[in-house]
Amino acid sequence: MVSSTTLSRAFPLSSRLDERGRLEVGGCDTIELAREFGTPAYVVAEEDLTSRARAFLDAGRDSAREELQVVFASKAFPCTAVLECFAREGLWCDVASGGELHLALNAGFAPERIVMHGNAKSETELRMALGRGVGQLVLDNFDEIERIERLIGEGALGARGRQSVLVRVTPDVRGETHEKISTGQADSKFGFAMADAPEAIARARSVEGLELEGLHAHIGSQLLSLEPFRRAAAELASLGDFAVLDLGGGLGVSYTQEQPAPPSIEEYVGAILDAVAEAGIAAQTRLMIEPGRSLCANAAVTLYTVESVKQNVSRWVAVDGGMSDNMRPMLYGSVYEAHVADRFGGRTPCVLAGKHCESGDVIVRAAQLDDPRAGDVIVTPATGAYGYAMANNYNGVPRPPVIFCRDGEARVVVRRESLEELTARDVSSVEAGR
Ligand code: LLP
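Within each chain, residue numbers correspond to sequence positions counted from 1 in written order. In keeping with the model being predicted, local features are shown solely for residues with a pLDDT of at least 70 and side-chain atom pairs are shown and tallied solely at 80 or more, while totals for entire chains, interfaces and linings include all residues. Excluded from the side-chain calculations are hydrogens and water; all other atoms, namely the structure's heavy atoms, are used.

### Some thoughts on the overall build of the chain
For the chain, the helix and strand inventory stands at 12 helices and 21 strands. The globule rule used for comparison is 2.2 Å times the number of residues to the exponent 0.38, while the radius of gyration itself is calculated over C-alpha atoms. Since a compact globule built from 434 residues should have a radius of gyration of about 22 Å, the 23 Å found for the chain is in line with a globular shape. Across its three principal directions, the C-alpha atoms of the chain cover 65 × 65 × 40 Å. A buried classification covers 57% of the 434 residues belonging to the chain. Should any heavy atoms of two residues lie within 4.5 Å, those residues are considered in contact. Across the chain, the fraction of contacts at a sequence separation of at least 24, relative to all contacts at a separation of at least 6, is 69%. By element, 47% of the accessible surface of the chain is carried by carbon and sulfur atoms, the whole surface being about 18,200 Å². Within this scheme the basic residues Lys and Arg register as positive and the acidic residues Asp and Glu register as negative, but His and the chain ends are omitted. For charged residues, the charge sits on one atom: NZ in Lys, CZ in Arg, CG in Asp, CD in Glu. Charged side chains in the chain number 44 positive and 62 negative. The centres of these two groups are separated by 3 Å. Secondary structure elements follow DSSP: runs of H or I of four or more residues count as helices, runs of E of two or more count as strands, with numbering from the N terminus. Note on classification: 1.4 Å probe, protein chains only; a residue is buried when its accessible area is under 20% of the maximum for its type, exposed when over 50%, partly exposed between these limits. Here the Shrake-Rupley method, with its probe set to 1.4 Å, supplies the accessible areas, and only the displayed protein chains count as covering residues.

So, in structure tokens, the structure goes:
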């Protein structure tokens, strides 16, 4: 019999293998979930989300600082039920577009608990942010400051007299991560160069209606070493004293048992607090962090069904999803684990392939599965962050549902996309007057 200790740390906190060796997530049998809701499906252990949110808040509360504002980077899992969960837990929300702002407001985040980002915010998005009065509007470039000044002149603030802003800087700190998710280097499309930061700060201060509260930096994502945060804090401190300092997100997570374990939430928050103290940043400075991945990646697994198995040079196990529900292997060469949901511990080398018309649509290149057969349910853990977020309709594949599981109860929080929805936005030639 397989014991629960064989589960890798990539799985949601409450996961276990039952006495028959079947995976349970949030107390729900994944084979039954697959049968009831179909596959592919994102299955989220709700308690995993709440306990990680609480871990961040608790770690922040232990410090001598007034408070640590924990801002969920909604791009990681922009799903209303996830946002509602974090809003209830008392987190703030980071949005990077008008769409994400809409989602955050709709999920119940008070506007003053929303941080708005973007290196190319449109006038419409700026009007939305200024009109709703987001807690912090993060300034990214000089064109944007000019545009905001004009919009305020045109009355975009409404009855509100002021808008708090942060200046985003690129501190020229490189975290060790995939080049596509590294943002802190000097040659980045995000934020102001260190050399331009003093002018950006002065410009922001000169605009009537803007209140410059502080600085922001996000050095990258999936960082497994905490050292770069130390250097980033020191760079920000070199720009002067501010009321608010936002150090962005970036804490890495476990995708597989083999990969080195990431720092814990407590270690990460502790390191941020130490870094800030070391940099001489005043204890009254309000600190913000923007975790995305580390709040939700490990909360979810994806369930697939095997459609076919073939053997040539490799054993190809093709499932009913792939790059339409998880772009990460293709985009970043990300490595995932895979298991047959009711037969863990397999040793047959396989390539877990997706169903899409691209050779690169491979979910796990070096999977080890227990003699997989058509009809088996396959599970890949750690798909809660940037999976649903980057899902797409390639090959006309409808996007999967999101199922929340808690104490053995499952509920659909996003239903599977329908075929009708694939054509729902078409404008018929009659309507178009052709
Ligand atoms: N704050 C800002 C300003 C960000 O740009 C990001 C992520 C975060 C916070 C959250 O970072 P996290 O804690 O999740 O590392 N699609 C990629 C990740 C892109 C991250 C973009 N920015 C992936 O799947 O790995």
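### Brief notes about the domain arrangement of the chain
Annotation comment: domain bounds sourced from an automatic or database domain assignment. When its domains are assigned, the chain resolves into domain 1 (16-45 + 298-423) and domain 2 (117-291). Using only C-alpha atoms to locate each centre, domain 1 and domain 2 end up separated by 35 Å. Every contact between the two is made by nine residues of domain 1 and, on the other side, nine residues of domain 2. Summed over both partners, the interface of domain 1 with domain 2 comes to about 820 Å²; 52% of that surface belongs to carbon and sulfur atoms. Throughout this description, the term salt bridge denotes a Lys or Arg side-chain nitrogen within 4 Å of a carboxyl oxygen of Asp or Glu. For the pair domain 1 and domain 2, the interface holds zero salt bridges. Buried area is understood as the total, over both parts, of accessible area removed when two parts are fitted together, assessed with a 1.4 Å probe.

### Looking at the site of the ligand
We define proximity as follows: a residue is near a molecule or strand when any one of its heavy atoms falls within 4 Å of that partner. In the vicinity of the ligand there are 20 residues, among which Ser 221, Glu 290, Arg 293, Arg 328 and Tyr 386 approach most closely. Side-chain polar atom of Glu 290 to a nitrogen atom of the ligand: 2.7 Å apart, as the coordinates give it. Relative to its unbound accessible surface of 590 Å², the ligand loses 91% to contact with the protein. Class assignment for the residues of the shell around the ligand results in six nonpolar, eight polar and six charged. In protein, a polar contact means a hydrogen-donor-capable atom and an acceptor-capable atom, both N or O and within 3.5 Å, with residues adjacent in sequence counting only if both atoms are side-chain atoms; elsewhere, any N or O pair within 3.5 Å suffices. Under the convention adopted here, Pro, Cys and the residues Ala, Val, Leu, Ile, Met, Phe, Trp and Tyr are nonpolar, Asp, Glu, Lys and Arg are charged, and Gly plus all remaining residues are polar.

### What about the environment of Thr 170?
Within the fold, Thr 170 resides in strand S9 (residues 163-170). Sequence separation of Thr 170 and Ala 217 is 47 residues, and the distance between their C-alpha atoms is 6.2 Å.

### Concerning the sheet that holds strand S2 (residues 23-25)
Paired through backbone hydrogen bonds, the strands of a sheet run either parallel or antiparallel to each other. One open sheet holds the three strands; their spatial order is S1-S2-S3, and the pairing between them is antiparallel. Because the sheet does not close on itself, it has two edges, and the strands there are strand S1 (16-17) and strand S3 (28-29). Paired strands, as defined in this entry, are two strands with at least two bridges between them according to DSSP.

### Some details on the pairing of strand S17 (residues 348-353)
Direction of pairing for strand S15 (residues 315-319) relative to S17: parallel, over a ladder of three bridges. Within S17, the position partnered with Trp 316 by the bridge is Val 351. Note: S17 against strand S18 (residues 362-369), five bridges, orientation antiparallel. When the sheet's bridge partners are listed, Pro 349 is paired in S18 with Gln 368.

### Side note on the state of the cysteines
The rule for a disulfide is simple: a pair of cysteine sulfur atoms within 2.5 Å. Tallied over the entire structure, the rule returns zero disulfides. You can see Cys 28 has no disulfide; the closest cysteine sulfur is in Cys 405, sitting 3.7 Å from it. Using a relative accessible area of 5% as the deciding quantity, one classes Cys 28 as buried.

### What to know about the nonpolar core
Throughout this description, the term nonpolar core refers to a set of buried Ala, Val, Leu, Ile, Met, Phe, Trp, Tyr and Cys residues connected via side-chain atoms within 4.5 Å. Among the nonpolar cores identified, the biggest contains 107 residues, and Phe 72, Val 167 and Leu 352 are the most heavily contacted of them. Of the residues forming this core, the biggest block, eight residues, is contributed by helix H9 (residues 265-278). Counting only domains with at least three residues in this core, you end up with domain 1 (16-45 + 298-423) and domain 2 (117-291). Contact partners of Phe 72, with chain neighbours within four places excluded, come to Phe 77, Val 82, Leu 83, Phe 86, Leu 91, Trp 92, Cys 93, Asp 94, Pro 291, Gly 292, Leu 295 and Cys 296. Counting 21 residues, the second-largest nonpolar core is a separate cluster that includes Val 25, Phe 37, Ala 41 and Phe 344.

### Concerning the confidence of the model for the chain
Should the pLDDT be low somewhere, the predicted coordinates at that spot are not to be read in detail. The quantity called pLDDT is the predictor's confidence in a given residue, expressed from 0 to 100. Mean pLDDT over the chain stands at 95; residues scoring 70 or higher make up 97%. Looking over the chain, one finds the lowest element-wise mean pLDDT in helix H8 (residues 227-237), namely 94, and the highest in strand S4 (residues 41-45), namely 99. Long-range and interchain partners of residues 1-5, a stretch whose pLDDT sits below 50, account for six contacts in this model, where long-range means more than four residues apart.

### A look at the packing of aromatic side chains
We call Phe, Tyr and Trp rings a pair once their centres come within 6.5 Å, taking the six-membered ring for Trp, and we label the pair stacked below 30 degrees between planes, edge-to-face above 60, and tilted otherwise. In this structure the tally under the stated criterion is eight aromatic pairs. Here the aromatic rings of Phe 142 and Phe 192 are separated by 4.9 Å at their centres, their planes lie at 70°, and the arrangement is edge-to-face. Here Phe 192 lies in strand S10 (residues 192-193) and Phe 142 lies in helix H6 (residues 142-153), a separation of 50 residues in the sequence. Among the aromatic residues, ring-to-ring pairing joins Tyr 42, Phe 77 and Tyr 388 into one connected group.

### A look at H8
Where H8 is concerned, the buried positions are Pro 228, Phe 229, Ala 232, Ala 233 and Leu 236. The buried residues of H8 all sit within an arc of 140° when viewed along its axis, so they share a single face. Taken together, the buried residues of H8 touch S9, strand S11 (210-216), strand S12 (244-246) and H9. This arc is taken over the directions from the axis of the helix to the C-beta atoms.

### Some thoughts on the packing of H6 against helix H7 (residues 197-206)
Running from amino to carboxyl end, H6 crosses H7 at an angle of 5°, the nearest separation of the two axes being 11 Å. As summarised for this structure, H6 and H7 are arranged roughly parallel, according to the angle between their axes. Only Glu 199, Ala 200, Arg 203 and Ala 204 of H7 make contact with H6, whose side of the interface consists of Phe 142, Ile 145, Glu 146 and Glu 149. Classifying every residue of the contact of H6 with H7 by side-chain character gives four nonpolar, no polar and four charged. For helices, the axis comes from a line fit to the C-alpha atoms of the stretch in contact; other axes are also lines fit to C-alpha atoms, and the angle between any two N-to-C directions lies between 0 and 180 degrees. Oblique is the label for every angle not falling under 35 degrees (roughly parallel), over 145 degrees (roughly antiparallel), or within 65 to 115 degrees (roughly perpendicular).

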